[in-house]
Amino acid sequence: MRAVPALVLAFACVCPAASPDFGAIYPRGGQRGTSVPVTLGGARLDDAEEIVSYSADIKVADLKVESATALKATFQIGAGCPFGEHTFRVRTKSGVSYGRTFWVGPFPTVDEVEPNDKFTSAQSVTYGSTLAGIAKNEDADYFKIEGKKGDRLNVEVEGIRLGSSFWDPYVAILDSKKFELATCDDSALLVQDPHASIIIPEDGTYYIEIRDSSYAGNDVAFYRAHVGRFPRPTAVYPNGGKAGSKTEVTFLNDPAGPVKQTVEVPNTPGEKLPLYAVTDLGSAPSPNLFRISDLENVLETEPNDSLAEAKAQPSAPPAVPIAFNGIIGKPNDSDWFRFTAKKDQRLDLAIYSRSLRSPLDPVLEIFNADGGGLNGNDDNGPNPDSRIGGFTFPADGDYYIRVHDQLNRGGPDFVYRVEAAPPAPSMNAYITRFDRVDSQMRQQMPVPRGGRYATLINVDRANWGGPVAWDAPNLPPGVTLESDPMPNGIGQYAVVFAAAADAPRGLALTRLMPKSTEEKNPSAGRFSQNLELVQGEPNQTPYVICSQTTLPVAVTDEVPFSLEIIKPTVPLVQSGTIDLKVHATRKEGFTAPITVRLLWNPPGITSPGTIDIPAGKSDGIYQLTARGDAPAQAWKVTMLGETDAGAGPIYNATPFTEVTVAPPYLTMKMEMGAAEQGKPGEIFCTLEVAKTWTGPAKVTLYGLPAKVTTVEKEISATDKEVRFPITTVADSPVGKHQSLFCQAVIIENGVPIPHTIGQGGVLRIDAPPPAPAVPAPEAAVAQAAPPPPPPSAKPLSRLEQLRQQQAAAAKP
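Predicted model only: the values in this text are computed from it and were never measured.

Q: Help me out: how do you make sense of the overall build of the protein in this one?
A: What the protein contains, in helices and strands, is three helices and 67 strands. The C-alpha radius of gyration of the protein comes to 36 Å, more than 25% above the 28 Å expected for a compact globule of 812 residues. Along the longest, intermediate and shortest principal axes, the C-alpha atoms of the protein span 130 × 80 × 60 Å. Expressed as a percentage of the 812 residues in the protein, the buried residues total 49%. Partitioning the intrachain contacts of the protein with sequence separation of at least 6 by distance along the chain shows that 68% fall at a separation of at least 24. On the protein, the mean spot of the 74 positive side-chain charges and the mean spot of the 92 negative ones are 4 Å from each other.

Q: Hey, could you run me through the sheet that holds strand β3 (residues 35–43) in this one?
A: The strands making up a sheet are joined through hydrogen bonds of the backbone, oriented either antiparallel or parallel. Strand order in the open sheet formed by four strands is β1-β3-β6-β5, and the pairing between neighbours is antiparallel. Strand pairing shows two members of the sheet lacking a second neighbour, β1 (21–26) and β5 (58–67), which therefore form its edges. Direction aside, the axes of adjacent strands within the sheet are offset by 25 degrees on average. Relative to β3, β1 is paired through five bridges, and the arrangement is antiparallel. Residue pairing across strands places Phe 22 opposite Gly 42, the latter belonging to β3.

Q: In this structure, what is going on with the environment of Pro 425? I would like to understand it.
A: By the element assignment, Pro 425 lies in the loop between β35 (415–421) and β36 (426–431). For Pro 425, a relative accessible area of 41% translates into the label partly exposed.

Q: Quick question: what am I supposed to make of the packing of aromatic side chains here?
A: Remark: the centre distance and the inter-plane angle together describe each pair of aromatic rings, the angle taken between the planes. Scanning the entire structure with this criterion turns up 21 aromatic pairs. Note on Tyr 493 and Trp 600: the rings are 4.9 Å apart at their centroids and 70 degrees apart in plane angle, and the pair reads as edge-to-face. Of this pair, Tyr 493 sits in strand β41 (residues 492–499) while Trp 600 sits in the loop between β51 (594–598) and β52 (605–606); the two residues are 107 residues apart in sequence, bridging distant segments of the chain. We classify Tyr 493 as buried; its relative accessible area is 8%. On the basis of relative accessibility, which here comes to 5%, the residue Trp 600 falls in the buried class. Seen in terms of ring centroids, Trp 600 and Trp 635 are 5.7 Å apart; in terms of plane orientation they differ by 65 degrees. Their pairing is edge-to-face.

Q: Please clarify how the sheet that holds strand β27 (residues 297–299) should be interpreted in this entry.
A: With mixed pairing, the five strands of this open sheet are ordered in space as β27-β28-β35-β30-β33. Two strands in the sheet have a free side with no partner beyond their single neighbour: β27 and β33 (387–392). Strand after strand, the sheet turns through a mean of 20 degrees between neighbouring axes, direction not considered.

Q: How do you make sense of the side chain of Asn 458 when you look at a structure like this?
A: As for its placement among the helices and strands, Asn 458 is situated in strand β38 (residues 452–462). By relative accessible area, which is 14% here, Asn 458 ends up buried.

Q: Looking at this structure, how should I read the pattern of salt bridges?
A: One side chain can pair with another of opposite charge once the charged atoms of both are near each other. One pass over the full model with this rule turns up 35 salt bridges. Glu 482 is paired through a salt bridge with Arg 452; the nearest N and O atoms lie 3.7 Å apart. Highlighted residues: Glu 482 in strand β40 (residues 479–482) and Arg 452 in strand β38, separated in sequence by 30 residues. According to the relative accessible area criterion, Glu 482 is partly exposed, its value standing at 24%. Since its relative accessible area comes to 23%, Arg 452 is described here as partly exposed. Here Arg 764 ties to Asp 766 by a salt bridge, and the two come within 3.2 Å at their closest N and O atoms. Each of Glu 49, Glu 50, Arg 91, Arg 505 and Asp 557 takes part in salt bridges that share partners, so that together they form one network.

Q: Honestly, the nonpolar core in this entry has me stumped. Any pointers?
A: Most often, soluble globular proteins have nonpolar side chains that are buried together. One finds Phe 497, Val 596, Tyr 622, Leu 624, Met 668 and Ile 683 to be the most contacted residues of the largest nonpolar core, which totals 88 residues. Per element, the largest residue contribution to this core is six residues, and it comes from β41. Once residues within four sequence positions are removed from consideration, Met 668 is found in contact with Cys 685, Thr 686, Leu 687, Val 699, Val 722, Cys 742, Ile 757 and Gly 758. One finds Ala 135, Ile 210, Tyr 223 and Val 227 within the second-largest nonpolar core, a separate group that totals 24 residues.

Q: Explain unusual backbone geometry here, please?
A: In terms of backbone geometry, most residues other than glycine have negative phi values and most peptide bonds are trans. A cis geometry characterises the amide bond from Glu 302 onward to Pro 303, with omega recorded as -5 degrees. Here Pro 303 lies in the loop between β27 and α2 (307–312). Going from Val 320 to Pro 321, the amide bond is cis rather than trans, its omega being 5 degrees. Checked against the element boundaries, Pro 321 lands in the loop between α2 and β28 (322–327). A positive phi angle, close to 65 degrees, is found at Ser 739, a residue other than glycine. Its place among the elements puts Ser 739 in strand β66 (residues 735–748). Phi is positive for Asn 749, close to 55 degrees, though the residue is something other than glycine. With respect to the element layout, Asn 749 can be found in the loop between β66 and β67 (751–766).

Q: Explain the environment of Leu 181 to me, please; I cannot follow it from the model alone.
A: If you trace the backbone, Leu 181 turns up in strand β15 (residues 180–184). By relative accessible area, Leu 181 is classed as partly exposed at 34%. In sequence terms Leu 181 and Pro 552 are 371 residues apart; their C-alpha atoms lie 46 Å from each other. The contacts of Leu 181, once residues within four sequence positions are left out, are Ile 173, Leu 174, Asp 175, Ile 198 and Tyr 206.

Q: Explanation requested: the pairing of strand β26 (residues 288–293) in the structure shown.
A: Note on strand geometry: in a regular strand, side chains alternate between the two faces of the sheet. For β26, a buried count of six out of six residues is recorded, marking the element as mostly surrounded by other parts of the structure. The alternating pattern of β26 places Asn 288, Phe 290 and Ile 292 on one face and Leu 289, Arg 291 and Ser 293 on the opposite face, and all of these are buried. Summarising the sheet, strand β20 (residues 240–242) and β26 pair through three bridges and their orientation is parallel. What sits directly across from Gly 240, in β26, is Arg 291. Direction of pairing for strand β23 (residues 272–275) relative to β26: antiparallel, over a ladder of four bridges. Paired with Leu 273 across the two strands is Phe 290, which belongs to β26.

Q: What is the right way to read the environment of Asp 62 from this model?
A: Relative to the assigned elements, Asp 62 resides in strand β5. Given the relative accessible area of 60%, Asp 62 is considered exposed. Between the C-alpha atom of Asp 62 and that of Tyr 453, which follows or precedes it by 391 residues, the distance is 31 Å. Discounting residues that sit within four places of it in the chain, Asp 62 has contacts with Lys 72, Ala 73 and Thr 74.

Q: Hey, could you run me through the pairing of strand β17 (residues 204–212) in this one?
A: A large share of β17 lies buried, amounting to seven of its nine residues. Bridge count for strand β12 (residues 140–147) against β17 is eight bridges, and the pairing is antiparallel. Looking at β17, one finds that Ile 145 is bridged to Tyr 206. The pairing of strand β14 (residues 169–174) with β17 spans six bridges and is classified as antiparallel. Residue pairing in the sheet places Ile 173 in a bridge with Ile 208 of β17.

What counts and how
- Every chain's residues receive numbers from 1 upward, in the order its sequence appears when written.
- With pLDDT at 70 or above as the cut-off, local features in this predicted model cover only qualifying residues; side-chain atom pairs require 80 or more to be listed or tallied, and sums for whole chains, interfaces and linings still use all residues.
- Hydrogens and water molecules were not included; the side-chain quantities draw on all heavy atoms of the structure.
- Secondary structure follows DSSP: runs of H or I at least 4 residues long count as helices, runs of E at least 2 residues long count as strands, and numbering of each begins at the N terminus.
- Between the two quantities, the radius of gyration covers C-alpha atoms and the globule rule is 2.2 Å times the number of residues to the power 0.38.
- Buried residues are those whose accessible area, probed at 1.4 Å on protein chains only, stays under 20% of the maximum for their type, while exposed residues exceed 50% and partly exposed ones sit between those limits.
- For this analysis, residues touch if any pair of their heavy atoms sits within 4.5 Å.
- Charge counting treats Lys and Arg as positive and Asp and Glu as negative, with His and both chain ends excluded.
- Charged side chains are reduced to one point each, which is NZ for Lys, CZ for Arg, CG for Asp and CD for Glu.
- If DSSP finds at least two bridges between two strands, the strands pair.
- Axis angles are defined between N-to-C directions and span 0 to 180 degrees, where every axis is a line fitted to C-alpha atoms and, for a helix, only to the segment in contact.
- Two aromatic rings from Phe, Tyr or Trp, using only the six-membered ring of Trp, form a pair when their centres are within 6.5 Å; if the ring planes differ by under 30 degrees the pair is stacked, by over 60 it is edge-to-face, and anything between is tilted.
- Any carboxyl oxygen of Asp or Glu that lies within 4 Å of a side-chain nitrogen of Lys or Arg is treated as forming a salt bridge with it.
- Only buried Ala, Val, Leu, Ile, Met, Phe, Trp, Tyr and Cys residues count toward a nonpolar core, and they belong to the same one when joined by side-chain atoms within 4.5 Å.

Here's what the structure looks like:
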């Protein structure tokens, strides 16, 4: 066995430090039915207790901790283990790692032997081999094989799918004269990975070339290339069927011809079934995908390239709901289907092609019986598969759909499926993503003994509304899930996992299932977790995603701190703030700072991203701010604490604590104030008290411009108004100054309740009026001074003052 590259042992995820940090498995795969010695590389692995296999068909034996950066073990791969990707994690006493993959294939592994970077120094291999190598920068690996005329030669490369690095695999089959017989860079079936297939034209030596498509490989661009006579179809038709049925399918586009099989479709509608083409020469190393639904199948009948041909078909048109299946078999091909629908019948029409690894980029259109267009769709958001949602048919009668490729391409594997069905209620749950690039950050649940771990879960509801609760039937012993049902209208909610002090260390792959609390709604939904293993240009686009349906929940060692939120004794008022006190209990000798984050803000409430409890301190203040429209009700919140104890981050969460949002005790209307530069003014405010309190409340006016001041005022629950005297100077800024507001601080139970009131107040500052012109000398005429204006209940506005002065000047 080849020595493990040092880069594998040092390989670590591009993410903040985790405990533990598991980077890769080497070798990257093994043969079904064998035992494979493996090395796992990373960091902080010295307290490893378990390598967790997601597959019951791969057992882990002989775990040995070599160092903090390397583990050794044996993978015992069962004889019935499915080919392809299998996920593993490392559980240590202190945490649980990110997920990494290992691949299972049909053949013994043959390591590449250098030098094989030239056609003339190609390495000899045989049929039934899996070639393992590294596509380095400016490198090409050559292999040669003896072929017999009429034999099938298939090469399928697992390259970027291995999840080790970003690169673009390329494969070619050449004859002894260096003529290319088959080449492949990317493929719809294998995404970025290639496959090449030929029928041997004559006895002789044939060559396999594997490299990066632009010779831009790297030292961790691992590949596994399966070489054999196995079938390698690129499509299966139909590519879907009814749950619980037996369906005959045909595997298409293998050089040796179609392969027929009968499939017993599981009763799991909505899922994808992996189908492996099998002949007497073996099985394909990777599957074609088959969608399971509740619908009967209709297969296209040629000719159906036009509406007229679809109308002329002798069979009666089917009624929807139904699933239409077809192949865009050649360039510029279109498929038309006729069907019947009822007036006001409402259906979703969705194509499944690219999502099932077909090369088709579909366009879907609906027509009436006369060929008039009714609706159409190309891409469904980022998904190239077309979808027309919630279409309502205007009348009883015949209708047509047309399917074609967006670029008018076509071929023998351009298969598709159109499902026309009533909108179905569904709910899909997943852990909130906490980092734009690192998809695995805080996606595993390390629950400390005697402590808690908190996370956020999103639920996407479709075609229904209502509260969502959780089923978690297979948590680790001693672990409980704490969460109220997620209210209707809310798509994100916090949950807390709590472990008993005596819970045994261990890990469970938990089936966290969302469920409705109301009988009229769907009884259960789905949970998924997508691990982005490889990202690249542009903008860290995910190229390799490992999808799982379970959540890793682990019991870890006790941590040296615990947290609690001190329950507030006063409410958080709308348009107000509240200071939540977070208390840390530290074990003796533990003094490190603790970062605390409020995981979930109730609707209408904002807060800082994190706060810090400083080193050696026990308390922190987390301020919440409520908008004026925040729902007035009680909410439960939790906070997650994180610290670094010298071996990566460790976590503990608070229990849930109730925070009540309430209407404000008082409201304020602020009249527009006016003042002249260098002269005093006043801002008058009316008060409306909704809930009384005892003692004085302090009110502060905010938002005044520079060089304008006022004073703090006190009010009581019986006051109806408050006046703020305004002081200006000669160069106070002229103009309308908006966005004035007040903060009133009411004391209840010795605790301040800050209110933000009077928002949107305005102060206008005017320049002094120009001095009047000096009149010609005349005999002075004695005039009585104008009487003073009557007292006003509130100060005059600037406009009212000017009008009063003008009226006084006009008097004789």
